[in-house]
Amino acid sequence: MSAKERGQLVFLEGLKSCLDLLFGEEEKQSGQPSPLQFISESASDLKALFDFVRTSLTPTGSDSWKGPVLLVDDLSVLLSLGATPVAVLDFIHYCRVTVCYQLKGNIVALVHSNEDSEDEENELIVNSLCHHSDLILWVEGLATGFCKDVHGQVMHGRTRRGAEQDLVQIYQYKIQDKNVTFFARGLSAAVL
Amino acid sequence: MTTFEKHQLIDTLSKLINILRIKTININTVLLNEQSPFALNHDFGNQLIFMGNLIREISFYRVVKIQVGDLSNKKEKIPTILVFTEEDKYGLYSNLLFKYFLAEGVVCGHDLFVASAKEHPDNILKELPAPLLDDTYRNERGEETTAVKSEDFQDSMKIAWRYQNLPKVEASPTTSTKFGHYYDVSKTMSPELFQSIKWHSFYLPEELSLQPKMKTHNMNSAYSRLLQSIQRIIYQDGFDGSHPQKKLKNILRIGIQSLGSMLWGDDICSSDSPEHMHSLTKFLYVLRGLLRKSLSACIITVPAHLIQNKAIMERVTNLSDMVVGLESFIGSERETNPLYKDYHGLVHVQQIPRLNSLICDVSDTKDLAFRLKRKLFTIERLHLPPDLSDTVSRTSKQDLAESAKLLSSGCGAMAIGKKHLDF
């Protein structure tokens, strides 16, 4: 919380700001466009959201933090809210230019994906993000089905960072109440 | 993997996971201590990290969101849930579950909000099942349990002694711990019970005539009316905690019937590339926001089998906390299948909420079936009926193996291929 007060953490809560957008008073909206303006407009561009990201991450004078990180919790939700896949890809591209190249920071984005998914728009985003990403973490359940001691596996793939490094590493994990245990394949505590 | 790479991976994961508020992680038994949650700030290069499918499997997303929700209203620790029921083909059993949800609200003294485009909410409320008081319920169940218990005494097995010490599988998980109330579906609730509670209704044809014009925010107008109505009630009755002087805190139970059907003015059931493709998902997102900031829970039934574009259902699943699908056997070939002769349908639990924890409560069996007895609606673990015939093998064993294969994808070891074991 202190990080938030110091301005180190800027948090945009989508659920809350969309309520403000839909049920908030008119005069509040007229002052500054809401980052989620695209929900109520027919032209679905994410410019307002990008502007919010840029103004939040641009260092202001003394309290500049080196190497900002942009965490996007669920790009797939943007599709559900009516943004077109091209708009989402444009948004992430602009963010890359600003955060990764101008401010020397990082972007972490979460996307849903499913092998037998019929959501073509979402798959388009997943595929093009895979193409642009430097590090991909795939988290999925075991192919053999549910297991009490191993809840799934993390595939850790690194792309374009060096020719011989493109091998994929797989770890299995087990989730407990408050933490997650990672281990090499076949080395779960139940087996050893 | 070289040591350097290993350290790099551990580093990456630990930073990532620290951000997502997990205290320690254990990779190859290397225990990492808690670092600053903002350790990701340095030496990471220009990397774009990207995680796929994380929501389903680890669901950091929900946990983080719920924690944030808790911080904003610390006084109440009741998490709000959006339950989503995929209707069975003829909507019989989903309606029953819908009424159960509302009836539980009446018995607990919660406020109700019923929205429908088909049936008038007043009629829905009139048809709620009557609660079974503790004594009556005991009598109902008592006969069954005593019958089972008397068998238990002569339990020393002579032939199948290997199975003697195996723990007993309870068909319905609710027998040991009592949770909620039980209802008699053959009777309707007495009107006196309604007098103690407050309820609101939303009947779409009436609402349309009340306010001819309103701002729709690029959404289907019926949905935005419903949202406005829910928001008004949440605000007026102080479910959002805006009246802290009001001491008595109550919960609002929202029930929305057959959302997404044609009657709501939505075309997702009639067209593969609908005009209002995003209306339903937008509605759910805003509703989620409303639920998150207030003390309320919501059940929605949706005719999932009518929705043409399957991508919508995937998105809807991601936007809800809990998704349950009902598959009734009426009119399907499973109705006559001997495997399912004791049941009326299957319950597919597709999503379970994780509340204030990283993990959800996962039961051992994933195959659940429901059955409507004379008075009770029960959900039980699916099991094969005992083979009591004198002949060695079942007549339709091949059929059974086939249908068991169809039954569950999670149970991979069972009935793979056409051959079955015969011993």
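An unreviewed UniProt entry lists chain B under the name Elongator complex protein 4, with Buteo japonicus given as the organism. In its Pathway (unreviewed entry) section, the UniProt entry covering chain B states "tRNA modification; 5-methoxycarbonylmethyl-2-thiouridine-tRNA biosynthesis." On record in UniProt, under Sequence similarities (unreviewed entry), the comment for chain B is "Belongs to the ELP4 family."

The name recorded for chain A in an unreviewed UniProt entry is Elongator complex protein 6, from Buteo japonicus.

(A) Inspection of the overall build of chain B at higher detail. Across its full length, chain B carries 12 helices and 14 strands. Buried residues in chain B amount to 48% of all 423 residues.

(B) Highlighting the overall build of chain A. Along the backbone of chain A there are seven helices and six strands. The order of α-helices and β-strands along chain A, N terminus first, is α-α-α-α-β-α-α-β-α-β-β-β-β. Relative to its full complement of 192 residues, chain A shows a buried share of 47%. Summarising the internal contacts of chain A: among those between residues at least 6 apart in sequence, 45% fall at separations of at least 24.

(C) Representation of the nonpolar core within the structure. Residues and elements named next belong to chain B. Counting 78 residues, the largest nonpolar core has Ile 256 and Trp 264 as its most contacted members. Sort the elements by how many residues they give to this core and helix α10 (residues 279–292) lands first, with eight residues. Among the nonpolar cores identified, the runner-up in size contains 25 residues, and Phe 98, Leu 326, Val 347 and Phe 377 belong to it.

(D) Spatial organisation of the side chain of Arg 253 of chain B. All names here are of chain B. Here Arg 253 shows up in strand β9 (residues 252–256). One buried charged residue, Arg 253, remains without a salt bridge, the closest side chain of opposite sign being Glu 104 at 5.1 Å. Polar contacts involving the side chain of Arg 253 include one to the side chain of His 110, which spans 3.0 Å. When neighbours within four sequence positions are excluded, Arg 253 is seen to be in contact with Phe 101, Glu 104, Gly 105, His 110, Asp 111, Leu 112, Phe 113 and Ala 297.

(E) Representation of a nonpolar patch on the surface in the model. Residue and element names in this part refer to chain A. Taken together, Leu 187, Val 191 and Leu 192 make up a surface patch of nonpolar side chains, about 330 Å² in accessible area. Relative to the helices and strands, Val 191 resides in the segment after β6 (180–184). Note on Val 191: relative accessible area 60%, which makes it exposed.

(F) Up close: unusual backbone geometry. Non-glycine residue Asp 74 of chain A carries a positive phi angle of around 80 degrees. In this structure, Asp 74 of chain A sits in the loop between β1 (69–72) and α5 (76–80). The class for Asp 74 of chain A is buried, based on a relative accessible area of 4%. Non-glycine residue Ser 258 of chain B carries a positive phi angle of around 45 degrees. With respect to the secondary-structure elements, Ser 258 of chain B resides in the loop between β9 and α10.

(G) Expanded view of the domain arrangement of chain A. Residue and element names in this part refer to chain A. Domain annotation of chain A identifies domain 1 (2–134) and domain 2 (135–192). Across the boundary between the two partners, domain 1 contributes eight residues, which contact eight residues of domain 2. Summing both sides of the interface, domain 1 and domain 2 together bury roughly 590 Å²; the carbon and sulfur share of this comes to 44%. The largest contributions to the domain 1 side of the interface with domain 2 come from Cys 130, Ser 133 and Asp 134, which together make up 75% of the buried area. Our enumeration of links across domain 1 and domain 2 arrives at zero salt bridges. Connecting domain 1 to domain 2 are zero residue pairs in polar contact (both at pLDDT 80 or more). By residue class, the composition of the side of domain 1 that touches domain 2 is two nonpolar, four polar and two charged.

(H) Geometry of the packing of α10 of chain B against helix α11 (residues 310–319) of chain B. Residues and elements named next belong to chain B. Contact geometry of α10 with α11 gives a least axis separation of 10 Å together with a crossing angle of 0 degrees. With respect to each other, α10 and α11 are oriented roughly parallel. Across from Leu 280, Thr 281, Leu 284, Tyr 285 and Arg 288 in α10, the residues of α11 making contact are Ile 312, Arg 315, Val 316 and Leu 319. Tallied by class, residues from the contact of α10 with α11 come to six nonpolar, one polar and two charged.

(I) Geometry of a negative patch on the surface. Judged by side-chain charge, Glu 115, Asp 116, Glu 118 and Glu 120 of chain A come together as a negatively charged surface patch. If you trace the backbone, Glu 120 of chain A turns up in helix α7 (residues 120–132).

(J) The arrangement of the sheet that holds β9 of chain B in detail. All names here are of chain B. Here nine strands make up an open sheet; going across it, the order is β8-β5-β9-β10-β4-β11-β12-β13-β14 and the pairing mixed. Two strands in the sheet have a free side with no partner beyond their single neighbour: β8 (199–203) and β14 (377–381). Averaged over neighbouring strand pairs, the angle between their axes works out to 20 degrees when direction is ignored. As judged from the five bridges shared by β9 and strand β10 (residues 296–302), these two strands associate in the parallel manner. Note on β10: the bridge partner recorded for Leu 252 is Ser 296. Sitting on the sheet, helix α4 (residues 92–108) touches β4 (82–86), β5 (111–116), β9, β10, β11 (322–328), β13 (368–372) and β14, and the angle it makes with β10 is about 165 degrees. Here α10 sits on the sheet and contacts β4, β9 and β10; the angle it forms with β10, its principal contact strand, is near 160 degrees.

(K) Representation of α10 of chain B in the model. Given a rise of 1.5 Å per residue, 14 residues ought to cover 20 Å, and the 20 Å separating the end C-alpha atoms of α10 of chain B matches this to within 8%. The buried fraction of α10 of chain B amounts to 14 of the 14 residues, a majority that puts the element mostly inside the structure.

(L) Expanded view of the pattern of salt bridges. Residues and elements named next belong to chain A. Evaluation of the coordinates by the stated rule reveals 10 salt bridges over all chains. Asp 149 is paired through a salt bridge with Lys 174; the nearest N and O atoms lie 4.0 Å apart. Here the residue Asp 149 occupies a position in the loop between β3 (135–140) and β4 (152–158), and Lys 174 occupies one in strand β5 (residues 169–175), the gap between them amounting to 25 residues. Linked through salt bridges whose partners overlap, the residues forming this network are Lys 47, Asp 51 and Arg 54.

(M) Structural context of the packing of aromatic side chains. Residues and elements named next belong to chain B. The tally for this structure, following the rule as stated, stands at 11 aromatic pairs over all chains. Put simply, the rings of Tyr 93, Tyr 100, Tyr 183, Phe 370 and Phe 377 pair up and form one aromatic cluster. Lying across the ring of Phe 101, Arg 253 places its NZ or CZ 4.8 Å from the centre.

(N) The arrangement of the confidence of the model for chain B in detail. All names here are of chain B. With 58% of its residues at a pLDDT of at least 70, chain B reaches an overall mean of 68. Of all secondary-structure elements in chain B, the lowest mean pLDDT belongs to strand β2 (residues 30–31), at 24, while β5 reaches the highest, 91. For the stretch residues 20–79, pLDDT sits under 50, and the model shows 168 contacts to residues farther than four places along the chain or on other chains. What the predictor reports for the complex is a pTM of 0.74 with an ipTM of 0.88.

The rules we used
Residues numbered from 1 in each chain as written. Chains lettered and ligands numbered in written order. Predicted model: local features only at pLDDT ≥ 70, side-chain atom pairs only at ≥ 80, totals over all residues. Heavy atoms only, no water. UniProt positions renumbered as here; feature names shortened; annotations may be inferred. Helix = DSSP H or I, 4+ residues; strand = E, 2+ residues; numbered from the N terminus. Buried < 20%, exposed > 50% of the residue type's maximum accessible area, 1.4 Å probe, protein only. Contact = heavy atoms within 4.5 Å. Core = buried A, V, L, I, M, F, W, Y, C linked by side-chain atoms within 4.5 Å. Lys, Arg positive; Asp, Glu negative; His and termini not counted. Salt bridge = Lys/Arg side-chain N within 4 Å of Asp/Glu carboxyl O. Polar contact = N/O pair within 3.5 Å; in protein donor to acceptor, adjacent residues only side chain to side chain. Patch = residues over 30% accessible without salt bridge, like charges linked within 9 Å, V, L, I, M, F, W, Y side chains within 5 Å. Areas by Shrake-Rupley, 256 points an atom, 1.4 Å probe, with all protein chains shown as cover. Domains from an automatic or database assignment. Buried area = accessible area lost by both parts, 1.4 Å probe. Nonpolar A, V, L, I, M, F, W, Y, C, P; charged D, E, K, R; others polar. Axes fitted to C-alpha atoms, helices over the stretch in contact; angles between N-to-C directions. Parallel < 35°, antiparallel > 145°, perpendicular 65-115°, else oblique. Charge placed at Lys NZ, Arg CZ, Asp CG, Glu CD. Pairing = 2+ DSSP bridges. Expected span 1.5 Å × (residues − 1). Phe/Tyr/Trp six-rings, centres within 6.5 Å; stacked < 30°, edge-to-face > 60°. Lys NZ or Arg CZ within 6 Å of the ring centre and 35° of its normal. pLDDT = per-residue confidence, 0-100.

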